[in-house]
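Observations on the model geometry
Read off the chains here:
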Amino acid sequence: MQWIGKPVRRREDAALLRGEGAFTDDIRGPGEAHAAFVRSPHAHARILGIDTAAAAGMPGVLAIHTQADLAADEVKPLPAYTRDPRYAYPNRDGSPMAEPPLWPLAKDKVRHIGEAVAIVAAESREAARDAAEAVAVEYEPLPAVIDSREAAAEAAAQVWDDAPGNLAFDYESGDTEETARAFAEAAQIVELDLLNNRVIVAFLEPRSALAHWPDGADGRCRLRVPCQSTHRFRDTLSECIGIEKTRFHVVVGDVGGGFGPRGFLYPEILATVWAARRLDRPLRWLGERSEGFLTDMQARDQRMRCALALDEDGRMTGLRVESDFNIGAYIPARSIYALLAHMPPIITGAYAIPASHLRIKGVFTNTVPVYALRGIGRAEVTHIVERLIEEAARESGRDRLALRRANLVTEAAMPYASAGGAVYDSGDFPANMEAALALADWDGFETRRAGSEARGLLRGIGIANYLENAGGAPSEFAEIRVEPDGMLRSLVGTQASGQGHQTAFAQVVAEAFGLPMESVDVIYGDSDVVRTGYGSSASRSMFKCGTALHVTALEIIEKGKEIAGDLLEAAVADIEYGDGAFRVAGTDRAVDLFTVARAAVDRGEPLAAHNDLTTEETFPNGTQVAEVEVDPQTGAVRLVCHAMVKDVGRAVNPMILDGQLHGGMAQGVGQALTERTAYEEGTGQLLSASFMDYAIPRADDLPDFATRILEVPSTANPLGIKGAGEGGATGAPPAIINAVLDALAPFRIKDLDMPLTSETVWRAIRRAHAS
């Protein structure tokens, strides 16, 4: 019975469409109190005093706490893990990276706008909010620095006293000598200064938490929270509060968007858990949208000086990148690890560039910290390489497609060892490109351009080939229990936040056992029920956890053969399995899987197995083609066509996969065209602090996406899966930038920083006219 590869409708959708989702704020219980946070109006200031007396006397107020109260209970700061051997990378000189403390509530100083200073617990949300506004905090405002290059200046404000020059880390990778040789011998050198712009995540569901210690402070805590890993949250709470991790029970229901930043245990969650313990009542915190803009982890924000060396035949011979990475005021857990584990190994992207050198300097600023976001590192690499190639073609007069064709890694070269150190196991990058060109009707573009020009519009087309390294943590957990009641209960360590785990994992298990999908129950999001798990990130869920389910199913079948052999009075070697039953080879004697499960229970050994399985990383890849119209009078950019060809390895559910690709492309469109994170110089005030000023793309900003899946199975796991969650966001921005610059070619505009808003484009056209 084949399930893998079928476009099965999502199991999850019916309940959501009926309004029956179980998000954290949907869960209600008796005796709940409500939390609100006192937040700093300054991006950088000393805390001179906090007066809670007036607020504490207000109606309904139960408690007000500051960092001094948490310190008295020896609550530790949230870990950055920059010096943990599992996640640490050394600086260029071998020294460890910075590791400033991120306390649950600000201690002595605030370092970004909206940082939490105190927590208020009250009988209602309204009472908690009113009291939070009444807490009097005396600040000494300090100069704020928001730009990574300005932060490195000698006279810049210091975010941390023990990080001179605001330097958090200084990392390099690659071969300095070989890269220098490539540039010394180059026939052509192309240089660009690029900005991979900062973005705000804008979760559909605001952050929230519901914490309860039902048996008192010495008992267990039950935390309900939207996140990407129940077990990582449990372990972090244990580390910070200083009690056994078995005393935390983390439960996750439906989640309105993850994208990476939902994987971080935020200070507010730790403070809420601690305050609930003090209060001895269930305590609920629901963040407001305005709080999300100010304090949700942000992402990207790298200023990159990039150079590409080519020989006389147009072969790319060397790549050099120096990046200033604006990490914000703190280092959230594993955020630096996430960047450095992904960006350096694939710095040359999908191209056969034999030498590379990358240097990244992380710089503290008085902005919201950044975290891993969909495509971290991979998005920056694609931006760098595709913009350099486009500029190399423009400067040399070479055809941009021919230049790419001449330099793409070919299928025959697989496995391919990249200059950055990654070994690509499989892929047909040229086939992706040709399929995308056909899907986008590249050959018919000039006709469409002429039509646009007749209407007074400029039209451009752009392309981007991208590559990703997927996987994150090496292992993932899965357990399957064959129940006598006819169900295959499948427990997984990953966490859904809209990806369709209930459906896709059920397809993998149902196919392994040759049974209907209705026989499979997929369980996740409960740290008591599921033994362990790393969670969902880095496009890892399906190939890590799907593989673990597949291997576990095969193990169960082998166990079942022994019991079936006894029931059928046959040698184990003669037992075959298929379509839900064990059979004696060459006969009609058979026993079904669930009869064997009942026999196993009778023997005291249920038919079950589990694995925390380690698999190698994979390399999803693909091509995107964008087509735009630009109004030269207003600078307005309209994305009229967007095509994507994606190699995800084996596609488990093509329909769900298309949804992932569409969502990723929409996110990439936002970064490229509309989403501008703006801080005020000098004060660090966030100017784009609402949807009035921060423009995520709307439905009418997007075209009908054209997608095609090319399946080149991975050799890194038995299912051949590569991963699919991030490619849309990775490849869309450079394809769109290249398209806009193609449209603006008559003005000889070399580059523009994202986002390419109408104002940005209009000003560039005006400058071109003036010159």
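Residues numbered from 1 in each chain as written. Predicted model: local features only at pLDDT ≥ 70, side-chain atom pairs only at ≥ 80, totals over all residues. Heavy atoms only, no water.

**Here we look at the overall build of the protein**
When you go through the protein residue by residue, the secondary structure sums to 20 helices and 30 strands. Its C-alpha atoms give the protein a radius of gyration of 27 Å, near enough to 28 Å, the size a compact globule of 771 residues would have. Its C-alpha atoms give the protein principal-axis dimensions of about 85 × 75 × 55 Å. Taking all 771 residues of the protein together, the buried fraction comes to 61%. (Helix = DSSP H or I, 4+ residues; strand = E, 2+ residues; numbered from the N terminus. Rg over C-alpha atoms; globule rule 2.2 N^0.38 Å. Buried < 20%, exposed > 50% of the residue type's maximum accessible area, 1.4 Å probe, protein only.)

**As for the packing of helix H18 (residues 654-674) against helix H19 (residues 727-743)**
At a minimum axis separation of 7 Å, H18 and H19 run at an interaxial angle of 40°. Between H18 and H19, the interaxial angle falls into the category oblique. Classified by chirality, the crossing of H19 by H18 is right-handed. Residue-level contacts link Leu661, Gly664, Met665, Gln667, Gly668, Val669, Gln671, Ala672 and Leu673 of H18 to Gly728, Ala729, Ala732, Pro733 and Ile736 of H19. Within the contact of H18 with H19, the residues separate by chemical class into nine nonpolar, five polar and no charged. (Axes fitted to C-alpha atoms, helices over the stretch in contact; angles between N-to-C directions. Parallel < 35°, antiparallel > 145°, perpendicular 65-115°, else oblique. Left-handed = near helix turned anticlockwise from the far one by under 90°. Contact = heavy atoms within 4.5 Å. Nonpolar A, V, L, I, M, F, W, Y, C, P; charged D, E, K, R; others polar.)

**Observations regarding empty space enclosed by the protein**
Counting across every chain of the model gives eight cavities of 30 Å³ or more. In this model, the largest cavity occupies a volume close to 130 Å³. Lining the largest cavity are 16 residues, with Leu102, His112, Glu115, Pro267 and Glu268 sitting closest to its centre. When the residues that make up the lining of the largest cavity are grouped by side-chain class, the tally is 11 nonpolar, two polar and three charged. Quantified by volume, the second largest cavity comes out at close to 70 Å³. Around the second largest cavity sit Ala299, Arg300, Gln302, Phe325, Ser335, Leu339, Val370, Tyr371, Leu373, Ile376 and Glu380, which together line it. Here the lining of the second largest cavity is composed, by residue class, of seven nonpolar, two polar and two charged. (1 Å grid on protein atoms, 1.4 Å probe; cavity = no way out; pocket = protein on both sides within 12 Å on 5 of 7 lines; lining within 4 Å. Points joined across faces, edges and corners; volume = space filled by probe spheres on them.)

**Description of the layout of surface pockets**
Estimated volume of the second largest pocket: approximately 810 Å³. Around the second largest pocket, the lining comprises 28 residues; the ones closest to its centre are Leu195, Arg303, Arg676, Thr677 and Ala678. Contributing elements (two or more residues each) for the lining of the second largest pocket: helix H5 (148-151) and helix H20 (758-770). With four residues, H20 is the largest single contributor of residues to the lining of the second largest pocket.

**Remarks on the sheet that holds strand E21 (residues 475-482)**
One open sheet holds the four strands; their spatial order is E23-E22-E21-E27, and the pairing between them is mixed. Edge positions in the open sheet fall to strand E23 (520-523) and strand E27 (608-614), since each of these has one partner strand only. Across the sheet, the mean angle separating the axes of adjacent strands is 15° when strand polarity is ignored. Direction of pairing for strand E22 (residues 488-492) relative to E23: parallel, over a ladder of four bridges. Its bridge partner being in E23, Arg489 is matched across the sheet by Asp521. In this fold helix H15 (residues 501-513) packs onto E21, E22 and E23, with an angle of close to 135° to the strand it touches most, E23. Sitting on the sheet, helix H16 (residues 541-568) touches E21, E22 and E27, and the angle it makes with E21 is about 40°. (Pairing = 2+ DSSP bridges.)

**Comments concerning the pairing of strand E24 (residues 575-578)**
Residues Ile575 and Tyr577 point to one face of E24 and are all buried, whereas Glu576 and Gly578, pointing to the other face, are not buried. With four bridges connecting them, E24 and strand E25 (residues 581-584) associate as antiparallel partners. Within E25, the position partnered with Glu576 by the bridge is Arg583. Turn length for the E24-E25 hairpin, with the two strands adjacent in sequence and antiparallel, is two residues, and the turn residue Asp579 shows positive phi of about 50°.

**A look at the packing of aromatic side chains**
Considering all chains together, one arrives at 15 aromatic pairs under this definition. Look at Tyr87 and Tyr337: their rings are 5.1 Å apart centre to centre, the planes differ by 75°, and that puts the pair in the edge-to-face class. You can see Tyr87 sitting in the loop between helix H3 (67-72) and strand E4 (109-110) and its partner Tyr337 sitting in helix H10 (residues 335-342), a full 250 residues away along the chain. Both residues of the pair, Tyr87 and Tyr337, belong to the buried class. Their ring planes at 45° and their centres at 5.7 Å tell us that Tyr416 and Tyr424 sit as a pair that is tilted. Above the ring of Tyr534, the side-chain terminus of Arg232 is found at 4.2 Å from the ring centroid. (Phe/Tyr/Trp six-rings, centres within 6.5 Å; stacked < 30°, edge-to-face > 60°. Lys NZ or Arg CZ within 6 Å of the ring centre and 35° of its normal.)

**Focus on the environment of Ala440**
Tracing the backbone through its elements, the reader meets Ala440 in the loop between helix H13 (429-439) and helix H14 (445-454). Separated by 159 residues in sequence, Ala440 and Ala599 place their C-alpha atoms 57 Å apart.

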